[in-house]
Amino acid sequence: MSPKLDAKTEECLIRLREEGWCMLENVIPHPEVDSVCHATETVNEKATAAYKEKDTSVIAHLQPFATYLAHNRVMDVIRNIFNHPHVRIAQTELKIRQPHTSADPNVVGSPLRSYHSDWPHDIRDLSESGHLRQPFPDIVMSIVTLWMLSPFQSENGATWIVPR
């Protein structure tokens, strides 16, 4: 949907279409990451309680982070994947995970499974699924973004990527 995309955005679009994931680095400028991380840790309990009560979206408590959700590089990728200029942020959640958190990934609510809910395809938890009939359609319905605000790699428990 953008007239001309930079090479890194084009690479992300190719990876997302072929592999189902991509990584946009440095959306939050490096000097600002620590303050955004600190703000996130500070409001975690209040934001999570409000979200569970369906009072407000978590992002309402995280103004230092909110502007980055609609960053031009992020939106260029999303608009191109949906092939439409109008997109919405439908949901925000705040999850703070300690390194090497582990649990049974097949159990609803386990820390490992809680990184995302597989909406709308999560047939193990019908109360949270999109209630789509199988076979699931081969279309992009949503995009999940993970924002890593602290250093991560396989040695400290980075998230799993399952291609395609």
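Residues numbered from 1 in each chain as written. Predicted model: local features only at pLDDT ≥ 70, side-chain atom pairs only at ≥ 80, totals over all residues. Heavy atoms only, no water.

1. Digging into the overall build of the chain
The line we're drawing: To qualify as a helix, a DSSP run of H or I must reach at least 4 residues; to qualify as a strand, a run of E must reach at least 2; elements of each kind are numbered from the N terminus. Summary of the burial criterion: residues with accessible area below 20% of their type's maximum are buried, those above 50% are exposed, and those between are partly exposed, where the area comes from a 1.4 Å probe applied to protein chains only. We call two residues in contact whenever any of their non-hydrogen atoms come within 4.5 Å of each other. To be clear on the numbers: accessible area is Shrake-Rupley with a 1.4 Å probe, and residue cover counts the displayed protein chains and nothing else.
A tally of regular secondary structure across the chain gives 4 helices and 0 strands. The linear arrangement of helices and strands in the chain, starting from the amino end, is α-α-α-α. Out of the 164 residues belonging to the chain, those deemed buried represent 25%. A sequence separation of at least 24 residues applies to 55% of the contacts in the chain between residues at least 6 apart. As displayed, the chain offers around 12000 Å² of accessible surface, 53% of which is attributable to carbon and sulfur atoms.

2. Some remarks on the nonpolar core
Our working rule: Joining through side-chain atoms within 4.5 Å is the link that ties buried Ala, Val, Leu, Ile, Met, Phe, Trp, Tyr and Cys residues into a set, and such a set is a nonpolar core.
Within the largest apolar cluster, 17 residues are counted, with the highest numbers of intra-cluster contacts made by Ile28, Val36, Leu62, Phe65 and Tyr68. Among the secondary structure elements, those contributing two or more residues to this core are helix H2 (30-52), helix H3 (63-69) and helix H4 (72-82). In terms of residues, this core owes the most to one element, H2, which gives 5 residues. If near-sequence neighbours (up to four positions away) are discounted, Leu62 is found in contact with Ala39, Thr40, Val43 and Leu94. Membership of the second largest hydrophobic core comes to 6 residues, among which are Cys12, Leu16, Val77 and Ile81.

3. A closer look at H2
Every α-helix winds through 3.6 residues per turn, so residues three or four apart in the chain are directed the same way. Going by this rule: Residue count minus one, scaled by 1.5 Å, sets the expected span of a helix. Throughout, bend refers to the angle between the axes fitted to the seven residues that end at a position and the seven residues that start at it.
Over its 23 residues, H2 runs 31 Å from end to end, which matches the ideal 33 Å to within 8%, given 1.5 Å per residue. The largest bend in H2 is about 60°, located at Asn44. Those residues of H2 that fall on the buried side of the exposure criterion are Val33, Val36, Cys37, Ala39, Thr40, Val43, Ala47 and Ala50. Following H2 by one or two positions, Lys54 has its phi on the positive side, about 55°.

4. Here we look at helix H1 (residues 7-19)
The following threshold applies: The directions considered for the arc run from the helix axis to the C-beta atoms.
With 13 residues, H1 should reach 18 Å at 1.5 Å per residue; the first-to-last C-alpha distance of 18 Å fits that figure. Turning to H1, its buried residues number three or more, namely Thr9, Cys12, Leu13, Leu16 and Glu19. An end-on view of H1 places all buried positions within 165° of arc, on one side of the element. Residues of H1 that are exposed and point over 90 degrees away from its buried face: Ala7, Glu11, Arg17 and Glu18.

5. Topic: the packing of H1 against H4
The line we're drawing: Every angle, taken between N-to-C directions, lies between 0 and 180 degrees, and every axis is a line fitted to C-alpha atoms, over only the stretch in contact when it is a helix. By definition in this entry, angles of less than 35 degrees are roughly parallel, angles greater than 145 are roughly antiparallel, angles of 65 to 115 are roughly perpendicular, and the rest are oblique. If you view the pair so one helix is near and one far, a crossing is left-handed when the near helix is turned anticlockwise from the far one by less than a right angle, and right-handed when it is turned clockwise.
In the contact formed by H1 and H4, the axes pass within 10 Å of each other and the chain directions differ by 45°. Considering their axes alone, H1 and H4 lie oblique with respect to each other. As H1 runs across H4, the sense of the crossing is right-handed. Along the contact surface, H1 presents Thr9, Cys12, Leu13, Leu16 and Arg17, while H4 presents Asp76, Val77, Asn80 and Ile81.

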